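Spelled out from the first residue to the last, the chains are:
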Amino acid sequence: MAHTTQAAHGHMQDYEGHVQAVEADLEYWRTKRLEPRVIQLHRRGVVTLYDLLRAAAHVPASAATGEATHEIEDRIRALEDGLDEYIRGIALASIDPPDHAFVIEDTRKERGDYDDFFRIAKPPHDGTLGERIARLEHDLREYQRLLLVVMRALLDKGVLTKEQLERQRAFLAGRGAWNGARIVARAWVDPVFKQALLTRGREAVRELNIPPGRLGKLGVAENTGTLHNVVVCTLCSCYPHDLLGDPPWWYRDDSYKQRIVEDPRGTLADRFNLRLPDGVEVRVHDSTSDVRWMVLPRRPAGTDGWSEEELARLVTIDSLVGTAEALTPAARAHDQR
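Residues numbered from 1 in each chain as written. Predicted model: local features only at pLDDT ≥ 70, side-chain atom pairs only at ≥ 80, totals over all residues. Heavy atoms only, no water.

A.B. asks: Would you mind going over helix α8 (residues 191-199) with me for this structure?
C.D. replies: Structural remark: α-helix, 3.6 residues per turn; residues separated by three or four positions point the same way. Along α8, the positions that sit buried rather than exposed are F193, A196 and L197. One side of α8 carries all its buried residues, which in axial view fall inside an arc of 100 degrees. Within α8, the exposed residues directed more than 90 degrees away from the buried face are P191 and T199. The N-cap residue of α8 is D190: its side-chain oxygen and the backbone nitrogen of V192 are 3.1 Å apart. (Buried < 20%, exposed > 50% of the residue type's maximum accessible area, 1.4 Å probe, protein only. Helix = DSSP H or I, 4+ residues; strand = E, 2+ residues; numbered from the N terminus. Arc of directions from axis to C-beta. Polar contact = N/O pair within 3.5 Å; in protein donor to acceptor, adjacent residues only side chain to side chain.)

See below:
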């Protein structure tokens, strides 16, 4: 069957798409995660607003950084990196203290999921591209400072310890490819999440608390009984690293790039021992700086009733780029021997 490739690419082209993504993500994490957490802590007397005021005296204002360059792409990249740092910081601030467990339903109520009255307002995103970038740079500094103040207050009151934070930081840093596996497993068990993932990939993965990294848009290609997808980056090695970890070593190899585009079916068979039926179309997706792709492999048979964590262990790095299927239960058991 015929195969197709995405358009050629170079450096970032879709500035607007990247800026829109940062605007949406930054406000999501502020209004849905950090600030509702702050309000919860205050309501319960764990960390009050007055504790935050005392902590703020020891947290200097952040210095401007991204504005030092006039290059639009560099400023957007700095915003994306800052957003990731902000999201990871929120994950640390959201550790439940041993004596103060938070129920997810309480969090949803606090952030206005069930009642618009409690929703935290979001600012408008108008003006020129340059004005919006400057506003994002300012807002991100402000939001990061509040996060640092919250962290300082949590430590000052003994709600969390530095040791707890370091353990959690090390845990989050090691997620890598496991994040991609979690995305796939959730899509296998949750049809609503799967549909959102296929149509609005970047927004959908927020649900799993995964930082997006330097990602404009996330393209998700679903394998079916009649269609098999493969991902490549013909120019360099564009890949959603923060979402999926590092790609396989050969993903950067020029011979792989050339062969998978020219003869995807033959390359899958000869190089990866993945032999697809003649009736299955093979489609190649070219990742770019603006749109980075992952494959949603088919769920293996014999996994009915499995938990998300069990299913995630069937997802391999190779299956996320389409050069392998997800592991079968038998193959997984064999690997564990």
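Picking up where we left off.
A.B. asks: What should I look at first to understand the packing of aromatic side chains in this one?
C.D. replies: One pair of aromatic rings is described through two measures. These are the centre distance and the angle between the planes. One pass over the structure, following the stated rule, counts five aromatic pairs. Pairing Y28 with W29 gives two aromatic rings, centres 5.6 Å apart and planes at 85 degrees, and the pair type is edge-to-face. Between F117 and F118, the aromatic rings sit 5.3 Å apart at their centres with planes inclined by 90 degrees, giving edge-to-face as the arrangement. For F118, a relative accessible area of 37% corresponds to the partly exposed category. Three or more aromatic residues link up through ring pairs in this structure, and these residues are Y251, Y256 and F272. In this arrangement the basic side chain of R186 is found over the ring face of F193, its NZ or CZ atom lying 6.0 Å from the centre. (Phe/Tyr/Trp six-rings, centres within 6.5 Å; stacked < 30°, edge-to-face > 60°. Lys NZ or Arg CZ within 6 Å of the ring centre and 35° of its normal.)

A.B. asks: How should the pattern of salt bridges be read in this particular structure?
C.D. replies: Any two side chains of opposite charge can pair, given that their charged atoms come close. In total, this model carries 24 salt bridges according to the counting rule given. Between D25 and R202 there is a salt bridge, with its nearest N and O atoms 2.8 Å apart. Note that D25 is positioned in helix α1 (residues 15-43) and R202 in helix α9 (residues 201-204), a separation of 177 residues in sequence. Across the pair, exposure class does not vary: D25 and R202 are buried alike. With its nearest N and O atoms 3.1 Å apart, the salt bridge here joins E281 to R283. (Salt bridge = Lys/Arg side-chain N within 4 Å of Asp/Glu carboxyl O.)

A.B. asks: Is there a simple way to explain the environment of V59 in this structure?
C.D. replies: Relative to the helices and strands, V59 is located in the loop between α2 (49-56) and α3 (72-93). The exposure class of V59 is buried, given its relative accessible area of 9%. C-alpha separation for the pair V59 and V149, spaced 90 residues apart in sequence, amounts to 6.3 Å. Discounting chain neighbours no more than four positions away, the residues touching V59 are R145, L148, V149 and R152. (Contact = heavy atoms within 4.5 Å.)

A.B. asks: Help me understand the nonpolar core in this model?
C.D. replies: Note that soluble globular proteins tend to have their nonpolar side chains buried in a common cluster. Counting residues in hydrophobic clusters, the biggest one holds 45 residues, and the most contacted among them are I183, L197, Y251, Y256, L268 and M294. Considering every element that reaches this core, the biggest residue donor is helix α7 (residues 177-189), with six residues. Other than its neighbours up to four places away in sequence, Y256 contacts V230, V231, V232, W250, Y251, R271, F272 and T323. Formed by 37 residues, the second largest nonpolar core is a distinct cluster that contains L26, V46, L83 and A93. (Core = buried A, V, L, I, M, F, W, Y, C linked by side-chain atoms within 4.5 Å.)

A.B. asks: Just to check I follow, could you spell out empty space enclosed by the protein for this structure?
C.D. replies: Unoccupied space between atoms shows up once a probe the size of one water molecule is rolled over them. Under the criterion given, the structure shown has one cavity of 30 Å³ or more. Around the largest cavity, the lining residues are R37, L41, A93, I95, P97, F102, L154, V159 and L160. Grouping the constituent residues of the lining of the largest cavity by class yields eight nonpolar, no polar and one charged. (1 Å grid on protein atoms, 1.4 Å probe; cavity = no way out; pocket = protein on both sides within 12 Å on 5 of 7 lines; lining within 4 Å. Points joined across faces, edges and corners; volume = space filled by probe spheres on them. Nonpolar A, V, L, I, M, F, W, Y, C, P; charged D, E, K, R; others polar.)

A.B. asks: Got a minute to help me understand the packing of α1 against α3 in this structure?
C.D. replies: When two helices pack together, their arrangement is given by the angle between the helix axes and the distance between those axes. The N-to-C vectors of α1 and α3 enclose an angle of 20 degrees; their axes lie 10 Å apart at closest approach. In this view, α1 runs roughly parallel relative to α3, as classed from their interaxial angle. The way α1 lies across α3 gives a crossing that is left-handed. Contacts between α1 and α3 involve Y15, H18, V19, V22, D25, L26, W29, R30, R33, L34 and R37 from the former and I72, E73, I76, R77, L79, E80, L83, Y86, I87, I90 and A93 from the latter. Grouping the constituent residues of the contact of α1 with α3 by class yields 14 nonpolar, one polar and seven charged. (Axes fitted to C-alpha atoms, helices over the stretch in contact; angles between N-to-C directions. Parallel < 35°, antiparallel > 145°, perpendicular 65-115°, else oblique. Left-handed = near helix turned anticlockwise from the far one by under 90°.)

A.B. asks: Can you help me understand the packing of α1 against helix α5 (residues 129-156) in this one?
C.D. replies: In the contact formed by α1 and α5, the axes pass within 11 Å of each other and the chain directions differ by 25 degrees. Here α1 lies roughly parallel to α5, going by the angle between them. The handedness of the crossing between α1 and α5 is left-handed. Partitioned by chemical class, the residues of the contact of α1 with α5 number 16 nonpolar, one polar and seven charged.

A.B. asks: Help me understand the side chain of N229, please; the structure alone is not making it clear to me.
C.D. replies: Within the element layout of this structure, N229 appears in strand β2 (residues 227-232). You can call N229 buried: its relative accessible area is 1%. Within the structure, N229 has its side chain in polar contact with the backbone oxygen of E222 (distance 2.9 Å). Within polar-contact distance, the side chain of N229 engages the side chain of H285 at 2.8 Å. Apart from residues no more than four positions distant in its own chain, N229 is found in contact with A221, E222, N223, R283, H285, V295, V321 and G322.

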